[in-house]
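# Tertiary structure, described
For reference, the chains in residue letters:
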Amino acid sequence: MMVLILLSLAASCPARACDVCGCSLGGNYFGILPLYNKNFVGLRWSQAKFHSYIAPTQYLSAQQSNDTYAKVELWGRYYLTKRIQLFAFVPYAYNNMNGTDQAVSASGLGDISIMANYVVVNTGESKSDFKHTLIAGGGVKLPTGKFDLEDKGKIINRNFQLGTGSVDFNVNAVYTLRYKKTGINVETGYKINTRNSHEYLFGNQYRASAQLFYWQTAGAFSFLPHAGMNYEQAAMHKDGDIIQVNTGGSAWLGSGGVDIYINRFTLGVNYQKPVSQHYNSDATADITSKARWTTSLTFNF
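Scoring rules and cut-offs
- Residues numbered from 1 in each chain as written.
- Predicted model: local features only at pLDDT ≥ 70, side-chain atom pairs only at ≥ 80, totals over all residues.
- Heavy atoms only, no water.
- Pairing = 2+ DSSP bridges.
- Helix = DSSP H or I, 4+ residues; strand = E, 2+ residues; numbered from the N terminus.
- Salt bridge = Lys/Arg side-chain N within 4 Å of Asp/Glu carboxyl O.
- Buried < 20%, exposed > 50% of the residue type's maximum accessible area, 1.4 Å probe, protein only.
- Contact = heavy atoms within 4.5 Å.

## Details of the pairing of strand β6 (residues 130-141)
The pairing of strand β5 (residues 113-122) with β6 spans nine bridges and is classified as antiparallel. The residue bridging I114 from the neighbouring strand is V140, located in β6. As paired strands, β6 and strand β9 (residues 168-179) are joined by twelve bridges and run antiparallel to one another. Note that in β9 the partner of G139 across the bridge is N170.

Here it is, written out as structure tokens:
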């Protein structure tokens, strides 16, 4: 999940990677949710890996880091009314940084998000071969995760923290169109960040995705294979009034996966691979986003 790799450098620090959609500081995403009239609660696990490199200079030798961001998230949806949905996201993060001169691990509660969506259109129960649904809304991300973790007396890379320390706001929209068993799911979202108590401001984040899917049943099982593209973009950070170099950027990712439905349970797996990435790194730095995985299990009621 938005959303992008941000690289923070200091003259005495090693190369360090950072946040991407799906990591602790990114925006929330919904994915394909075909059971429109159902409440659900579930767990989903996500992992993203990055490699960062700083070329040697007159004063420093080459630096590199391999970083892993994993997260287990409790999330769910509850219908207050026929048209108003409440969502909650409670993440628990496991971050690991393995660099030339720095090896750090951190785990704990991340930033909790609460969102409300309004069902603008829902023809999911109609007899027509064409069915479509549009939901839109927004919510707030609360500063429940630690954001001042230190290593050797110095604060760790801002994007390695478990939270941002700020109250942030999300807006989103999801549109699904289906003809018989084939359809497309389009999702977009924007995250508006505010300053934390350290006067640090993460850049606002934008994300969008389009997924083609095919609905198939086999006995008691239903299958929903899907494939598509994701785009994510983030503005540069500010520390006070100073724009932070090596932060922000954009990426395109190809994705594919399958959801399996049996009785009230849904098991899902999704794979994303970057196909194009451009980050605001300087001439000496390079950072590469690796493949990402997400698996989920939900109970519908």
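## Regarding the pattern of salt bridges
As enumerated under the stated definition, the model contains six salt bridges in all. The salt bridge partner of K141 is D111, with a shortest N-O separation of 2.6 Å. Of this pair, K141 sits in strand β6 while D111 sits in the loop between β4 (103-109) and β5, placing them 30 residues apart in sequence. Accessibility expressed as a relative area gives 2% for K141, which makes it buried. The partner of K141 in a salt bridge is D168, and the shortest N-O contact between them spans 3.1 Å. With a gap of 27 residues between them, K141 in strand β6 and D168 in strand β9 connect regions that are remote in the sequence. In this pair, the class of K141 matches that of D168, namely buried.

## Describing the environment of D148
If you trace the backbone, D148 turns up in the loop between β6 and β7 (150-151). Taking the C-alpha atoms as reference, D148 lies 8.9 Å from L162; in sequence the two are 14 residues apart. D148 has contacts with I155, Q161 and H198, leaving out every residue within four places of it along the chain.

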